[in-house]
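# Architecture and fold: a report
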Amino acid sequence: MENVIEVNNLTKKFGSFTAVDHISFEVKQGEIFGFLGANGAGKTTAMRMLCGLLPSTSGKGLVAGYDINTQSEQVKRNIGYMSQKFALYEDLKVWENIRLYGGIYGVPEPQIVSKTNDLLKRLGFENERNTLVNSLPLGWKQKLAFSVAIFHEPKIVFLDEPTGGVDPITRRKFWELIYEATDRGITVFVTTHYMDEAEYCDRVSMMVDGHIEALDTPKNLKQMFHADTMNEVFQKLARKAQRSDS
Amino acid sequence: MNSTNKNEHTHPTPTNGQWKTFGSFVQKEFYHITRDQTTLALLLILPVLLMILFGFSINTEVKNSQIAIYDPSNDVATRGIIEKIKASDYFTVVRMLNNPAEIEKQFLKDDLKMVVIFSDHFYENMQRTGKAQIELLTDGTDPNSAMTVVSYASNIIGLYQQDLFKIQQIPFEITPSVKLMYNPELKGPYFFVPGILGMILMIICSMMTSISIAREKEFGTMEVLLVSPFKPMYIILSKTIPYFVISLVNLATMLLLSVFMLKVPIAGSLFWLVTFSILFIFLSLSLGLLVSSIANSQLQALLFSGMVLVIPVVMLSGMIFPIENMPAFFQWFSKLIPATWYITGVKKIMIKGLGFTSILPELGVLISMTILLIGISWKTFKYHLE
């Protein structure tokens, strides 16, 4: 399997504060990569650098084969992004949202039309094509937001706490969508607060105070830290943290 | 692969597809506005309401003000002036006073708007020294109507002197104020129309643009757009276009209302009035962008543009309170408010009927301000993205 993300000593400083401190890791194609850490550990900063939003202070990063510092345009073209807020336009219809985001990523018009039909059929949303997003139930919005984020068939999709504030059943259903995406070869880079979700990842990295403290499969991590659950692993690591948001 | 990458880098101009996307973004902005029908209605009706409100109810015209006169001279000149005062619609003479002691008493008792007090030997003084005195005593607790009443009276006295001047070569001593020259009937709308134009355009462009950008930040859609390859500049541009269109509709509505409802004609060139207004619209839009680059929520955007942009326009731009009457600091400060220059320019073209060259200073200031604001908001916008 080829690497779709390669990060080498990536660092970000804000003045004298080092938010991300020489992190290095690789993510393989089709993998579900969990990016965990307490608030203030530097997760968001690292993710913003990988998405080409924030230039790094030093170090190298390749995302989908492009350098995040010099080829941010190409990086942006080849990734998808979804945040906790779902980021659909509430006052636009379902199909209008799909067309808008498809257009942003340069999907040609005829392709948008046929793919929209396929997508609505697959999600069972055919009757909701002309529904305004604000009248959809939360779980549906989440499904739609994820489908929109991978509508342009990106190599990697970044999910920033995608299941925040959602009940466990809806969360479980959402993970089924994630598995479907990886079946199609899309790599998933996901941050989460929920440690039960960490168990669903192929590999998990734990960030503490700007460093990556541990990186392995959930099974190996639990063995390494003599823990029964990922939550225990996280507690043991987070205890070392010197800084936090709160 | 590498060569195509380079091509994309060296061609910053948008491709066909990007134009299409830009088009669908502009369409999306129109949907945001048209699907929120309460707000849309408000945006379109607000100018009409304000025109009616300022044009009719808040009227500075003062008719049939009750006044008293104290005339110890009782000569040909004072009688002439009193005749003219009595003949005007503005004043009703309710009492002729007989001695100075009565003045203050009657002022309170009769709820007088003004007492006209002639000096002794009025005509004689005028003949001999060319100077005669009239005191105009007004109720200072209501400064606005006091000012209006005084300007009416001065106007009447001035007219009398002009009549006299034609016959007798007496040099006149009171010059009517500049405002009267261009608004001989002292119609309120003449003052308000340019001010309302400035205020509405400022509200629509600055407030609404900044709120709509702040909304994207609040809902998290801005984040998704920024992660996408779509250029932030196009996102911002697509936001300004619908409000530009609404501003033009508002401008047309207000000018039509002004001409046909308030009977304030456009004395000068309509072309320059519209061009000048479009310049002000650009300026207001760039102010809106500046606000939105600072504000992170709709509430912040609303408060910021309301407090920092709209209120100074109302208070300090000369829209309601004459700049000449402000303390020196505020006179200086009012020069920093774009609307001050816009309102002055509109008065010149619309009310005074002056030509293009007369608004060159205003044009120059507004153009420089626009360039400066676009520069600053672009810098801050980029800074805040990181």
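Residues numbered from 1 in each chain as written. Chains lettered and ligands numbered in written order. Predicted model: local features only at pLDDT ≥ 70, side-chain atom pairs only at ≥ 80, totals over all residues. Heavy atoms only, no water.

A few words on the environment of Leu285 of chain B. All names here are of chain B. Tracing the backbone through its elements, the reader meets Leu285 in helix α12 (residues 270–294). Classification of Leu285 by relative accessible area gives buried; the value is 6%. The spacing of Leu285 and Lys239 is 46 residues in sequence and 9.7 Å in space, taken between C-alpha atoms. In contact with Leu285, other than residues within four places in its own chain, are Cys205, Thr209, Thr240, Tyr243 and Phe244. (Helix = DSSP H or I, 4+ residues; strand = E, 2+ residues; numbered from the N terminus. Buried < 20%, exposed > 50% of the residue type's maximum accessible area, 1.4 Å probe, protein only. Contact = heavy atoms within 4.5 Å.)

Residues and elements named next belong to chain A. The six strands lie next to each other as β6-β7-β8-β3-β9-β10, forming an open sheet whose pairing is mixed. Each end of this open sheet is capped by a strand with a single partner; those strands are β6 (79–83) and β10 (211–216). Neighbouring strand axes in the sheet, compared pairwise and without regard to direction, differ in orientation by 15 degrees on average. Looking at chain direction, strand β3 (residues 32–37) and strand β8 (residues 187–191) are connected through four bridges and run parallel. What sits directly across from Phe33, in β8, is Phe189. Across the sheet, helix α6 (residues 168–183) touches β3, β6, β7 (156–160) and β8, and the angle it forms with β3 is around 130 degrees. Across the face of the sheet, helix α9 (residues 230–238) comes into contact with β3, β9 (203–208) and β10 while running at roughly 25 degrees to β9. (Pairing = 2+ DSSP bridges. Axes fitted to C-alpha atoms, helices over the stretch in contact; angles between N-to-C directions.)

Quick look at the packing of helix α4 (residues 76–87) of chain B against helix α6 (residues 122–129) of chain B now. All names here are of chain B. The N-to-C vectors of α4 and α6 enclose an angle of 110 degrees; their axes lie 6 Å apart at closest approach. Taken together, the axis directions place α4 and α6 in an arrangement best described as roughly perpendicular. In this structure, α4 contributes Val76, Ala77, Thr78 and Ile81 to the contact, and α6 contributes Phe122, Tyr123 and Met126. Split into classes, the residues belonging to the contact of α4 with α6 amount to six nonpolar, one polar and no charged. (Parallel < 35°, antiparallel > 145°, perpendicular 65-115°, else oblique. Nonpolar A, V, L, I, M, F, W, Y, C, P; charged D, E, K, R; others polar.)

A few words on the pattern of salt bridges. The full count for this structure, using the stated rule, is 18 salt bridges over all chains. Put simply, Arg77 of chain A and Glu73 of chain A hold a salt bridge, and the shortest N to O gap is 3.9 Å. One end of the pair, Arg77 of chain A, and the other, Glu73 of chain A, are both in helix α2 (residues 72–77), four residues apart, so they sit about a helical turn from each other. You can call Glu73 of chain A partly exposed: its relative accessible area is 22%. Among the ionic pairs, Lys239 of chain B bridges to Glu216 of chain B, the shortest N-O distance being 3.0 Å. Taken together, the residues Lys239 of chain B in helix α11 (residues 232–260) and Glu216 of chain B in helix α9 (residues 188–219) connect sequence positions 23 residues apart. Residue Lys239 of chain B is classed as buried on the basis of its relative accessible area of 1%. Take Glu216 of chain B: its relative accessible area is 3%, and that puts it in the buried class. Several salt bridges share partner residues, and in doing so they unite Lys28, Glu29, Glu216 and Lys239 of chain B into one network. (Salt bridge = Lys/Arg side-chain N within 4 Å of Asp/Glu carboxyl O.)

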